[in-house]
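# Report on the structure
Spelled out, the chains give:
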Amino acid sequence: MDRLVLWDIDRTLVAVGIGREIYTAAFTAATGRPLEVLPDFGGRLDRDLVQETLTVHGVPVTEQRLATFFGAMVSGYHRRAAEVRRRGRALAGAREALGALAAVAGVVQTVVTGNIRPVAVAKLTAFELHEPIDFEVGGYGCQDRVRATLVRRAYQQAQDKYGRRVATERVVVVGDTPYDIAAARAVGVRSIGVATGSASAAALTAAGADLVLADLAKTAALLEFVL
Ligand SMILES: [Mg+2]
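Notes on the structure follow. Model, not experiment: these values are computed from the prediction. Each chain carries its own residue numbering, running from 1 in the direction its sequence is written. The model is predicted, so local features are restricted to residues of pLDDT at least 70 and side-chain atom pairs to those at 80 or more, both for listing and for counting; the totals for chains, interfaces and linings are taken over all residues. The side-chain quantities take in all heavy atoms of the structure and omit both hydrogens and water.

### What about the overall build of the protein chain?
- Helix and strand counts for the protein chain come out as 10 helices and 7 strands.
- For 227 residues, the compact-globule estimate of 2.2 N^0.38 gives 17 Å, and the C-alpha radius of gyration of the protein chain, at 17 Å, lies within 12% of that figure.
- C-alpha extents for the protein chain along the principal axes are approximately 50 × 35 × 35 Å.
- In the protein chain, the share of contacts with a sequence separation of at least 24, taken over all contacts with a separation of at least 6, comes to 64%.
- Shrake-Rupley sampling with a 1.4 Å probe provides the accessible areas, and residues are treated as covered by the protein chains on show and by no other component. Of the roughly 9,600 Å² of accessible surface on the protein chain, a fraction of 51% belongs to carbon and sulfur atoms.
- When the 27 positive and 24 negative side-chain charges of the protein chain are each reduced to one mean point, those points stand 2 Å apart. The numbering of helices and of strands both runs from the N terminus, where a helix is a DSSP run of H or I of at least 4 residues and a strand a run of E of at least 2. Only C-alpha atoms enter the radius of gyration; for comparison, a globular chain is expected to reach 2.2 Å times N to the power 0.38, where N is the number of residues. In what follows, a contact means two residues having at least one pair of non-hydrogen atoms within 4.5 Å. In summary, the charge assignment counts Lys and Arg as positive and Asp and Glu as negative, without counting His or the chain termini. Where a charge lies is defined by one atom per residue type: Lys uses NZ, Arg uses CZ, Asp uses CG and Glu uses CD.

Okay, structure coming up:
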């Protein structure tokens, strides 16, 4: 490994049409109550989101309840995998970008995502984007409430696994929200903002992204920046 790419998932690589429905069902499974207030999802970590959602509904947050909630989300994605494929999609250029980087020797690709690991795997597998990704060294939304911590952890885990020091300028976070960009900056690695989520290109530039792309179909620009 001499370069590391840390991919965000939602609205960067894929749009999953039924994420909110599965989240809502998981809330009811974990609490026995209907969800009344949907949180603002973009760029946030599942642990943070679930804690906030429980608190807003007056439900005490315990490790047991978080585990039940996460378990219900995982089974939701597994049970409704066909529906995820039908109603969601891989975003333009995602497959090509992953494939182009996978073809370069020394590039390791993993995820830093708000999703918990089994959901991250389920989402990318649904659209057959999983193969270039080393999920073992990724950062996931159940591990912390702060995204920069996930970037730092994935960076460290990749170096440990592959037995190589990789300089910060050879590490790139790719994401669709200012949260992704801020996390990269906090760790001192580079970032690409992709304007396929709710944040505009201007907002990603303002957040400090080193490169901003309208979408991943700009494969050549992405490749040139990473390499
Ligand atoms: Mg995202």
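Moving on from the model shown.
### Examining the pairing of strand β6 (residues 190–194)
- Three labels apply to residues, based on accessible area from a 1.4 Å probe with only protein chains included: buried if under 20% of the type maximum, exposed if over 50%, partly exposed otherwise in between. In terms of burial, β6 is largely enclosed, as 4 of its 5 residues are buried.
- Of the pairings in the sheet, the one linking strand β5 (residues 171–175) to β6 comprises 4 bridges and is parallel in character. The partner of Val 173 across the bridge, within β6, is Ser 191.
- By convention, orient the strands away from the viewer: a clockwise path from the first strand over the helix to the second makes the crossover right-handed. Chirality of the crossover, the property in question, places the unit of β5, helix α8 (residues 178–187) and β6 among those that are right-handed.
- Strand pairing follows a simple DSSP-based rule, namely that at least 2 bridges must link the two strands. Here β6 runs beside strand β7 (residues 211–213); their pairing, made up of 3 bridges, is parallel. Its bridge partner being in β7, Ile 192 is matched across the sheet by Leu 211.
- As a crossover connection, the stretch from β6 through helix α9 (residues 201–206) into β7 is right-handed.

### With respect to the coordination of the magnesium ion
- Ligating atoms shown are N, O and S within 2.8 Å of the metal, or 3.2 Å for Na, K and Ca, and water is not included, meaning a site may look less than complete. Donor atoms from the polypeptide that bind the magnesium ion are Asp 8 (OD), Asp 10 (O) and Asp 176 (OD), placed at 2.1 to 2.2 Å.
- In the primary structure, the donors to the magnesium ion are separated according to the pattern D-x1-D-x165-D. Of the two residues, Asp 8 sits in the loop between β1 (3–7) and β2 (14–15) while Asp 176 sits in the loop between β5 and α8, which places them 168 residues apart along the sequence. Of the two residues examined, Asp 8 and Asp 176, each falls in the buried class.

### A word on helix α6 (residues 117–126)
- All buried positions along α6 are accounted for by Val 119, Ala 120, Ala 122, Lys 123, Leu 124 and Ala 126.
- Buried positions along α6 lie against β2, α3 (63–79), α4 (81–87) and β4 (107–111).
- Once α6 ends, the next one or two residues include Glu 128, with phi positive near 55 degrees.

### With respect to unusual backbone geometry
- One non-glycine residue, Arg 11, adopts positive backbone phi at about 70 degrees.
- On the accessibility criterion, Arg 11 (39% relative accessible area) is partly exposed.
- Even without glycine at this site, Glu 128 takes up a positive phi of about 55 degrees.
- Residue position: Glu 128 is located in the loop between α6 and α7 (147–162).

### Topic: the pairing of β5
- With 5 of 5 residues buried, β5 lies mostly within the body of the structure.
- Neither face of β5 is open: one carries Val 171, Val 173 and Gly 175, the other Val 172 and Val 174, and all of them are buried.
- Taken together, the 4 bridges between β1 and β5 define a ladder with parallel strand orientation. Each bridged residue has a counterpart across the sheet, and for Leu 4 the counterpart in β5 is Val 171.

### Side note on helix α10 (residues 219–226)
- Of all the residues in α10, the buried ones are Thr 219, Leu 222, Phe 225 and Val 226. End-on, the buried residues of α10 take up no more than an arc of 135 degrees, which puts them together on one face. Exposed positions of α10 whose direction lies more than 90 degrees from the buried face are Ala 220 and Glu 224.
- Against β1, α5 (94–102), β5, β6 and β7 lie the buried residues of α10. Directions are taken from the helix axis to each C-beta atom, and the arc is the one they span.

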